[in-house]
Amino acid sequence: DAAIVTLVDRPATGVETVQKLRDAFLASNESIWAVVPEYGGKHGHPIIIGREMIEVFLRAPASSSAREVEHAHQRHISYVPATDPFAIANVDTPEEFQKLLGIKS
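Owing to the predicted nature of the structure, the values given are computational and were not obtained by experimental measurement.

Caption draft 1: Looking closely at the nonpolar core. Core analysis: the largest hydrophobic core is formed by nine residues, namely Trp33, Ala34, Val36, Ile47, Ile49, Met53, Val56, Val69 and Ile77. Those residues in contact with Val36, other than ones at most four positions away along the chain, are Leu21, His43, Gly44, Ile47, Glu70, Ile77, Ser78, Tyr79 and Val80. In terms of nonpolar packing, the next biggest core, distinct from the first, is built from six residues, Leu21, Val35, Ile48 and Val80 among them.

The structure is reproduced here in structure tokens:
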């Protein structure tokens, strides 16, 4: 009925973050199709999407981005405060990867 989705250029969050998202998703009513972590005012990953949001993604035009699909259905998304900075971390360059290794070691 749901999936946890993250991107390959995002470092893993802590187990507590995933559990908090799961708990928020399970406690939400049928009008909530997804839960997204929010850290420092920014939305991040992983996200948990329910059957309805999965269907919306599958029916979206091939030219649309996931961000466009998400923003078009924001009324069905719950943003969950996170205390984990990795929820918004993004690694696109070798320098960012080296910085991440310094943080995680």
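Okay, back to it.
Caption draft 2: Inspection of helix α1 (residues 15-27) at higher detail. Relative to the 18 Å expected for 13 residues at 1.5 Å per residue, α1 spans 18 Å between its end C-alpha atoms, a close match to the ideal helical length. Considered for burial, the residues of α1 that qualify are Thr17, Leu21 and Phe25. All buried residues of α1 fall inside an arc of 70° around its axis, so they share one side. Away from the buried face of α1 by more than 90 degrees, exposed residues Val15, Glu16, Leu26 and Ala27 are located. Tucked inside the fold, the buried residues of α1 contact β1 (2-5), β2 (34-39), β4 (47-50) and β5 (77-81).

Caption draft 3: Main features of the layout of surface pockets. What the largest pocket holds in volume is close to 540 Å³. Those elements giving two or more residues to the lining of the largest pocket turn out to be β3 (42-43), β4 and α3 (66-72). Tallying contributions element by element places α3 first for the lining of the largest pocket, with four residues. Here the lining of the largest pocket is composed, by residue class, of eight nonpolar, five polar and five charged.

About the cut-offs
- Residues numbered from 1 in each chain as written.
- Predicted model: local features only at pLDDT ≥ 70, side-chain atom pairs only at ≥ 80, totals over all residues.
- Heavy atoms only, no water.
- Core = buried A, V, L, I, M, F, W, Y, C linked by side-chain atoms within 4.5 Å.
- Buried < 20%, exposed > 50% of the residue type's maximum accessible area, 1.4 Å probe, protein only.
- Contact = heavy atoms within 4.5 Å.
- Helix = DSSP H or I, 4+ residues; strand = E, 2+ residues; numbered from the N terminus.
- Expected span 1.5 Å × (residues − 1).
- Arc of directions from axis to C-beta.
- 1 Å grid on protein atoms, 1.4 Å probe; cavity = no way out; pocket = protein on both sides within 12 Å on 5 of 7 lines; lining within 4 Å.
- Points joined across faces, edges and corners; volume = space filled by probe spheres on them.
- Nonpolar A, V, L, I, M, F, W, Y, C, P; charged D, E, K, R; others polar.

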